[in-house]
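Per-entry structural report
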2 protein chains.
Amino acid sequence: MSAPKKLLVLPGDGIGPEIMHEVRRIMDWMAQARGIRFDVSEDLVGGASLAVHGQPITQEVIDAARAADAVLFGSVGDPKWASAGFDRRPEIAILKLRQELGLFANLRPAKVFDSLADASTLKPEVVRGLDIMIVRETVGGIYFGTPRGIETLPDGSRRGINTEVYTTAEIERVARVAFDLARKRDNRVCSVEKCNVMESGLLWKEVVTALHAREYADVELTHMLADNCAMQMVRNPRQFDVIVTGNLFGDLLSDLASMLTGSLGMLPSATLGARGEDGRLPALYEPIHGSAPDIAGQGKANPLAQILSFAMLLRYSFDMQDEAALIETAVSNVLDKGLRTPDIMSAGRTEVNTDGMGSAVLAELERLNAAA
Amino acid sequence: MSAPKKLLVLPGDGIGPEIMHEVRRIMDWMAQARGIRFDVSEDLVGGASLAVHGQPITQEVIDAARAADAVLFGSVGDPKWASAGFDRRPEIAILKLRQELGLFANLRPAKVFDSLADASTLKPEVVRGLDIMIVRETVGGIYFGTPRGIETLPDGSRRGINTEVYTTAEIERVARVAFDLARKRDNRVCSVEKCNVMESGLLWKEVVTALHAREYADVELTHMLADNCAMQMVRNPRQFDVIVTGNLFGDLLSDLASMLTGSLGMLPSATLGARGEDGRLPALYEPIHGSAPDIAGQGKANPLAQILSFAMLLRYSFDMQDEAALIETAVSNVLDKGLRTPDIMSAGRTEVNTDGMGSAVLAELERLNAAA
Ligand SMILES: [Mg+2]
Ligand SMILES: [Mg+2]
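Residues numbered from 1 in each chain as written. Chains lettered and ligands numbered in written order. Predicted model: local features only at pLDDT ≥ 70, side-chain atom pairs only at ≥ 80, totals over all residues. Heavy atoms only, no water.

The strand order 6(A)-7(A)-7(B)-6(B) describes an open sheet built from four strands, whose pairing is antiparallel. With one partner strand each, in any of the chains shown, strand 6 (149–152) of chain A together with strand 6 (149–152) of chain B form the two edges of the open sheet. Taking each pair of neighbouring strands and ignoring which way they run, the sheet shows an average axis angle of 30°. Here strand 7 (residues 158–167) of chain A pairs with strand 7 (residues 158–167) of chain B via nine bridges, running antiparallel. Paired with T167 of chain A across the strands is R159 of chain B, a residue of strand 7 of chain B. Across the sheet, helix 6 (residues 168–183) of chain A is in contact with strand 7 of chain A together with strand 7 of chain B; its angle to strand 7 of chain A comes to roughly 65°. Sitting on the sheet, helix 7 (residues 199–215) of chain B is in contact with strand 6 and strand 7 of chain A together with strand 7 of chain B, with an inclination near 155° to strand 7 of chain A. (Pairing = 2+ DSSP bridges. Helix = DSSP H or I, 4+ residues; strand = E, 2+ residues; numbered from the N terminus. Axes fitted to C-alpha atoms, helices over the stretch in contact; angles between N-to-C directions. Contact = heavy atoms within 4.5 Å.)

Rendered as structure tokens:
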């Protein structure tokens, strides 16, 4: 038997610790009921780290993240540190982790659970069964390219400049992530750019097309212009399986896709790096929601996005497909039973607190496991 | 009495001529019923011009557009000329007009007529009454900035580059269009950029803010990040009145807003330049739909977007608010009566052809005018 997988847990600020607590209960259950043990360590990030160490993340935590097989992140951000200065914002913690671990591919699933289909502003028949995965390049493109800045012109007026840059290598590595993911899903990738007006988009399309022909001919590949993609997401979002795109278009399209589901509090995400020569894949998993300091400590937080982030971790970092599916089915069933935290509450449903939702998921895991 | 306004009508290809014919009938009606005469000339663009002159637009037409008080454009594009070469595409006609007339501000209304609210994929209660105006900068930003291109690196791999550039003057002139429009509407402007990660967006925000304080303090100004704007358009699109944004974000957001309405065949647009020292405002009006060559000449085309483009022309170029409102009310009433061209047909409605729809609008204009 191989050594247990090393997991670094970073609850962070606000509701982070209380929703992470519900995941820890699921980890304990997995050890007891299915004999799966993780080597878990937990540490401070964000405002929690600032309070103790005077910095949003310490070198020790970065080193531990690098040594771990996967990182489960809660959320950072705390109004107490709003005026701490640009380099001491709690948010630095996640930016630094992405940078230091080389996490270049952001995975944003937009999935609609049947019993929450009505939460969308789109008609239920348009979004029921929606299951999109957006793969966004996150360390390149116009948010990082140079030259950049604001210059003053001779006449006193100003000029703002940013540069979109993508290289063959940057495009290939994120496209690989998308193609690999598609093979575990519906085997379809839609690559999105603006090749009609941007050379960087033209290169993007050419590189993805060539990589596909060389290594991924078994996956269905289509191409779409970014403006049309924004339209198609509203017109018929279920046409998509995996979407791969650059940093800027991915920024807009992944947020748009999340909103189609109508319940941002339910959505997990992952950020992946390049597999090293030792076979290890740098990976960090986190809910897309924030630290919600206004409801922290009141038992109102919805732990499901954090729990689903853990399921993603099991699926993509540890290839534990059965356990990931078990958790996702348990979440779906609990929702079908009508249990709701305040953020997703609607008429005729049963409101529960953070702990109640966690307990319901655990009970359902127990039932599913016994029935299997 | 001042000289009649000069109007250049360019029907173009595909369904262009047949839907423009319905507008010509409305012009005739306005002369007869309200004594408003235009000095109208009509000419060829697109494939129609290629067939006669061997080029998608002639210098004579460009000069006539410059001399006109406004241009009413149909649509261009014809599969017959698909392989005519990059510089002889029918689409060159509209690109050249924008360039030669200095049309830098694209106005894209996204309006939901009550009786078509169900055509949207969004729930009727979310889009009913929607009336957004997106002002998109169209001659600057990343689609035009330099340096641009694809270069081969020493190791044989490639790098694609595009440059986003905005100057104070470019931002101010498009923001002025937005503020001026807002004053004729609900007096609210939302300026959209990504100032958190792009210096060009930071300059955009600063310039809009300063212009607002200097000249438009009576208009309500808010700022929103582009990714959040994409989300908010799905979450609650009716929160917006006028949105002003750059070329790239405007490309995605205006298409997204159009799709919210569920009926692209209904939407007009305008492209405006800078008012000259003679007080003239270069302006071109056109439906957002294409030339639809597949249904041309069959009486299936929906003339309403072309008719509503004419209403926009009356409103923004000639300040004929009453006549613009009369046409818009007539269109709305005809839809309320259940008349539908095939593209917007649904169960229980009455299908009519292009001419039938035009006649119904005329009859309603007659009725409204008599009742007034
Ligand atoms: Mg975003
Ligand atoms: Mg577009």
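Back to the text.
Bringing the packing of aromatic side chains into the picture now. Scanning all chains against the criterion turns up eight aromatic pairs over all chains. A centroid spacing of 5.3 Å and a plane angle of 70° characterise the contact between Y166 of chain A and W204 of chain A, whose relative ring orientation is edge-to-face. Taken together, the residues span a long stretch of sequence, with Y166 of chain A in strand 7 and W204 of chain A in helix 7 (residues 199–215) at a distance of 38 residues. Of the residues examined, Y166 of chain A reaches a relative accessible area of 2% and is grouped as buried. With a centroid separation of 5.8 Å and 25° between ring planes, the pair formed by F38 of chain B and F318 of chain B is classed as stacked. Placement of the pair is F38 of chain B in strand 2 (residues 38–42) and F318 of chain B in the loop between helix 10 (304–316) and helix 11 (321–336), with a sequence separation of 280 residues. For F38 of chain B, a relative accessible area of 13% translates into the label buried. Judged by its relative accessible area of 9%, F318 of chain B falls in the buried class. Cluster of aromatic residues (ring-pair linked, three or more members): F38, F310 and F318 of chain A. Directly above the ring of F104 of chain A sits R173 of chain A, whose terminal nitrogen or CZ lies 4.2 Å from the centroid. (Phe/Tyr/Trp six-rings, centres within 6.5 Å; stacked < 30°, edge-to-face > 60°. Buried < 20%, exposed > 50% of the residue type's maximum accessible area, 1.4 Å probe, protein only. Lys NZ or Arg CZ within 6 Å of the ring centre and 35° of its normal.)

Each angle at a metal carrying four tetrahedral donors should ideally be 109.5 degrees, and each at a metal carrying six octahedral donors should ideally be 90 or 180 degrees. At 2.0 to 2.2 Å from the magnesium ion (ligand 2) lie its protein donor atoms, namely D227 of chain A (OD), D251 of chain B (OD) and D255 of chain B (OD). Within this pair, whereas D227 of chain A is found in helix 8 (residues 226–235), its partner D251 of chain B is found in helix 9 (residues 247–261), the two belonging to separate chains. (Donors = N, O, S within 2.8 Å, 3.2 Å for Na, K, Ca; no water.)

Often the size quoted for an interface is simply the accessible area lost on bringing the parts together. Residue and element names in this part refer to chain A. Domain boundaries assigned for chain A yield domain 1 (1–103 + 273–372) and domain 2 (105–265). Here the C-alpha centre of domain 2 lies 25 Å away from the C-alpha centre of domain 1. Listed per partner, the contact involves 19 residues of domain 1 and 17 residues of domain 2. Here domain 1 and domain 2 share an interface that buries about 1400 Å² over both sides, 64% of which is from carbon and sulfur atoms. At the junction of domain 1 with domain 2, the criterion picks out one salt bridge. Notably, a salt bridge pairs K184 with D319, separated by 3.8 Å at the nearest N-O pair. For the interface between domain 1 and domain 2, the tally reads four residue pairs in polar contact (both at pLDDT 80 or more). (Domains from an automatic or database assignment. Buried area = accessible area lost by both parts, 1.4 Å probe. Salt bridge = Lys/Arg side-chain N within 4 Å of Asp/Glu carboxyl O. Polar contact = N/O pair within 3.5 Å; in protein donor to acceptor, adjacent residues only side chain to side chain.)

To continue, consider the pattern of salt bridges. Note on pairing: side chains with opposite charge can pair once their charged atoms come close. Throughout the structure, instances matching the rule amount to 55 salt bridges over all chains. A salt bridge links D251 of chain B to K194 of chain A, with the nearest nitrogen and oxygen atoms 2.6 Å apart. Residue D251 of chain B is found in helix 9, and its partner K194 of chain A is found in the loop between strand 8 (188–193) and helix 7; the two belong to separate chains. Each member of the pair D251 of chain B and K194 of chain A is classed as buried.

Right, let's get into the UniProt feature "domain: Isopropylmalate dehydrogenase-like" (unreviewed entry) in chain A. As annotated in UniProt, the feature "domain: Isopropylmalate dehydrogenase-like" (unreviewed entry) corresponds to residues 6–361 of chain A in the numbering used here. Helix and strand shares over residues 6–361 of chain A are 40% and 21% respectively, and the end C-alpha atoms of the span are 24 Å apart. (UniProt positions renumbered as here; feature names shortened; annotations may be inferred.)

Within the secondary structure, S200 of chain A sits in helix 7. Contact partners of S200 of chain A, with chain neighbours within four places excluded, come to E164 of chain A together with G160, I161 and N162 of chain B.

A few words on the relation of the copies chain A and chain B. With an RMSD of 0.0 Å, the operation that places chain A on chain B is a rotation of 180° combined with a shift of 0.0 Å along the axis. The symmetry that links the two subunits is that of a two-fold axis. For chain A, the smallest separation between a C-alpha atom and the rotation axis is recorded for L122 of chain A, amounting to 2.0 Å. (Least-squares fit on C-alpha atoms with pLDDT ≥ 70 in both.)

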